Amino acid sequence: MSERSLAIEEQAWETLEKSMIYYHEKPIGTIAALDPGIDAANYDQCFIRDFVSSALVFLIKGKADIVRFFLEETLKLQPKTTQLDCLKPSRGLMPASFKIGFANGQEYLKADFGDHAIGRVAPADAGLWWIILLRAYTISTESKEFASRGDLQEGIRLILELCLVTRFDMYPMVLVPDGASMIDRRLGLYGHPLDIQSLFYAVLKASLELLTPIKENQAIIQAVRNRLDPLIKQLRENYWLDAERLNVIYRFQVEEYGEEALNQFNIYSDSIPFYRLAKWLPEAGGYLAGNLGPSQLDCRFFSLGNLMAIVSSLANEQQSHRILNLIELRWSDLIGEMPMKLCYPALEDVEWRIVTGADPKNRPWSYHNGGSWPVLLWMLTAAAKKMDRGELAHHAIAIAERRLLEDHWPEYYDGPDGRLIGKEARKYQTWTIAGYLLAKELIANPSHLKLITFDA
Ligand code: GLC
């Protein structure tokens, strides 16, 4: 490894350690950002989704205690009984974030289930990440003992119940509100966004590994089994976009009623940007669409969903290669000067106004709306390494290394090529740092991939 690379890693480690927070004198998580320059808002909290990047690094470095304590304590925040009070979080929901409060001389964990968050968005991804992390902990410690404990089993069950049991939907995907994932502001992700479906699929598979065959688990294990095949079919077939599929959708019949309908979602051809897509999509490439619902096929490329589809084997072998081909062949659009775009392309003009509610933080090519997020580097690395395409990851890491340290580890970058430090980006953003460290670890020792990847 070059001297420069070593120096960057060293600084990353130091900062990651500084971001650790303690509860009852034990490390319990990492705060979102250590930026002294900007008003903290909620960046002084530990976000469940953000902590996963740090947690995987800690597991790799043999520091499993912080991960275990995090899993145990966040589980206590999960409501366990049916709520009749509409202002209370639902049974099974996991919070987006928490911080350490202090009352009557005692420390306590103060959780945010979306009841404080900007826009009051409820996190659908937090519980999903929690299960994915519990599986990683189990693999890393080579022991199922912790996960088999009654309280942990109940936690898994309640998260699954939220996704599997009562719902206003007839599809195998999970139905969620807008802003329910890493993209926690309105961005047209109401319904069945890919980012959530990929995590959901990983969670169904993880749950079959984690749930013990006790009586209380029987029904939910059956529900998971029932869900897997239809989910995979729906995602691999109806979300998939490539040149061939574009031709099918272009000539779709509409207004079809009944079980035989091919165009189940009644997608109208005029709603799809065929000419732009036909030009942009290379023959060897393909990807899973961003969202699918009634008369809606969102053709934006979402990185988290596509990369996690590879990592979880939701995408089949050929699809996984085609997603990576797309990244390789559309490198300047999807990676540019900083890996990598959260979604592509950005919503502009009237679309931006209507879909985001004219949100200035999400103006075109900024933040979630076409900004570039270095945390995605680890998912890109995991996906590329899993498919034996490590050169893509090496190349992306080298690009990130040119900037991250000097720019003080920003949360995100702006502009079509990711050249600008994000307008409102926090510096010393923990998952930027952890994402970089994790990517380096996965490249240096691919056996760690097992913590996060799933077999087909
Ligand atoms: C922003 C991001 C969200 C992240 C949080 C803390 O709200 O959109 O994904 O969890 O910051 O970093």
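What counts and how
- Within every chain, residues take consecutive numbers counted from 1 along the sequence as written.
- Local features in this predicted model are restricted to residues of pLDDT 70 or higher, and side-chain atom pairs are both shown and tallied only at a pLDDT of 80 or more, whereas totals for entire chains, interfaces and linings draw on every residue.
- Note: side-chain values were computed over all heavy atoms of the structure, leaving out hydrogens and water.
- Starting at the N terminus, helices and strands are each numbered in turn, a helix being any DSSP run of H or I of at least four residues and a strand any DSSP run of E of at least two.
- Burial classes: relative accessible area under 20% of the type maximum marks a residue as buried, over 50% as exposed, and values in between as partly exposed (1.4 Å probe, protein chains only).
- Angular values range over 0 to 180 degrees, each being the angle between N-to-C directions of two axes fitted as lines to C-alpha atoms, with helices fitted over their stretch in contact.
- By definition in this entry, angles of less than 35 degrees are roughly parallel, angles greater than 145 are roughly antiparallel, angles of 65 to 115 are roughly perpendicular, and the rest are oblique.
- Residue contacts are counted whenever heavy atoms from the two residues lie within 4.5 Å of one another.
- Throughout, the ten residues Ala, Val, Leu, Ile, Met, Phe, Trp, Tyr, Cys and Pro are labelled nonpolar, Asp, Glu, Lys and Arg are labelled charged, and all others, Gly among them, are labelled polar.
- Between any two strands, at least two bridges found by DSSP are needed for them to pair.
- Here the term cavity refers to a set of points on a 1 Å grid, laid over the protein atoms alone, in which a 1.4 Å probe fits but cannot get out; the term pocket refers to an open set having protein on both sides within 12 Å along at least five of seven lines, with lining residues being those that place an atom within 4 Å of a point.
- Grid points are joined across faces, edges and corners, and a volume is the space filled by probe spheres set on the points.
- Salt bridge, as used here: a side-chain nitrogen of Lys or Arg that lies within 4 Å of a carboxyl oxygen of Asp or Glu.

## A few points about unusual backbone geometry
- The step from Pro 339 to Met 340 runs through a cis peptide bond, and the omega angle for that step is -20°.
- Within the fold, Met 340 resides in the loop between α13 (331–334) and β9 (343–344).
- Cis peptide bonds are those with omega within 30 degrees of zero, and the linkage from Tyr 344 to Pro 345 qualifies with -10°.
- In this fold, Pro 345 is placed in the loop between β9 and α14 (349–356).
- Positive phi values are uncommon outside glycine, yet Asp 388 reaches one of about 60°.
- The residue Asp 388 is located in the loop between α15 (376–386) and α16 (390–401) in this model.
- Its relative accessible area of 70% is what places Asp 388 among the exposed residues.

## Considerations on the packing of helix α2 (residues 48–60) against helix α3 (residues 64–77)
- Following both chains from N to C, one finds α2 and α3 inclined at 150°, their axes separated by 8 Å at the closest point. Between α2 and α3, the crossing angle belongs to the class labelled roughly antiparallel. The segment α2 lies against α3, with Ile 48, Phe 51, Ala 55, Phe 58 and Leu 59 engaging Ala 64, Ile 66, Val 67, Phe 70 and Thr 74.
- Looking at side-chain class alone, the contact of α2 with α3 contains 9 nonpolar, 1 polar and no charged residues.

## Some points on the pairing of strand β1 (residues 20–23)
- Pairing of β1 with strand β2 (residues 26–30), which is carried by 4 bridges, proceeds in the antiparallel orientation. Within β2, the residue paired with Tyr 23 across the bridge is Lys 26.
- Here β1 folds back onto β2, and the loop between the two strands holds 2 residues, one of which, His 24, carries a positive phi near 50°.

## Description of the sheet that holds β9
- On the basis of which strands lie adjacent, the open sheet formed by 4 strands has the order β6-β7-β8-β9 and antiparallel pairing. Each edge of the open sheet is held by one strand with a lone partner, namely β6 (240–241) and β9.
- Note: β6 against strand β7 (residues 287–293), 2 bridges, orientation antiparallel. Within β7, the position partnered with Trp 240 by the bridge is Leu 288.
- Running at roughly 80° to strand β8 (residues 296–302), helix α11 (residues 303–311) makes contact with β7 and β8 of the sheet.

## A closer look at the layout of surface pockets
- A volume near 740 Å³ is recorded for the largest pocket.
- Along the wall of the largest pocket there are 30 residues; nearest its centre are Ser 90, Leu 93, Ala 122, Leu 162 and Pro 177.
- Elements with a contribution of two residues or more to the lining of the largest pocket: α4 (125–141) and α6 (150–164).
- Among the elements that make up the lining of the largest pocket, the one with the highest residue count is α6 (3 residues).
- When the residues that make up the lining of the largest pocket are grouped by side-chain class, the tally is 20 nonpolar, 5 polar and 5 charged.

## Some details on empty space enclosed by the protein
- Under the definition given, this model contains 3 cavities of 30 Å³ or more.
- As for the largest cavity, its lining consists of Asn 238, Arg 245, Ile 249, Phe 252, Leu 262, Asn 263, Gln 264, Phe 265, Ile 267, Leu 292 and Leu 297.
- In terms of residue class, the lining of the largest cavity is built from 7 nonpolar, 3 polar and 1 charged.
- In this model, the second largest cavity occupies a volume close to 60 Å³.
- Lining the second largest cavity we find Arg 49, Val 52, Ser 53, Trp 129, Met 182, Leu 304, Val 375, Trp 378, Met 379 and Trp 431.
- Elements supplying a minimum of two residues to the lining of the second largest cavity: α2 and α15.
- Per-element tally for the lining of the second largest cavity: the top contributor is α2, with 3 residues.
- For the lining of the second largest cavity, a count of residues per class yields 8 nonpolar, 1 polar and 1 charged.

## Focus on the environment of Leu 160
- By the element assignment, Leu 160 lies in helix α6.
- Along the backbone, Leu 160 and Gln 319 are 159 residues apart, and their C-alpha atoms lie at a distance of 27 Å.
- Other than its neighbours up to four places away in sequence, Leu 160 contacts Val 165, Val 203, Leu 204, Ser 207, Leu 211, Ile 220 and Val 224.

## Observations concerning the pattern of salt bridges
- Under the criterion given, the structure shown has 23 salt bridges.
- For the salt bridge of Arg 91 with Glu 161, the shortest nitrogen-to-oxygen distance reads 2.8 Å. You can see Arg 91 sitting in the loop between α3 and β4 (97–103) and its partner Glu 161 sitting in helix α6, a full 70 residues away along the chain.
- Taking the shortest distance from any N to any O, the salt bridge between Glu 401 and Lys 440 comes out at 2.8 Å. In this pair, Glu 401 sits in helix α16 while Lys 440 sits in helix α17 (residues 430–444), placing the two residues 39 residues apart along the sequence.
- Residues joined by salt bridges that share partners form a network here, namely Glu 337, Arg 402, Asp 417 and Arg 419.

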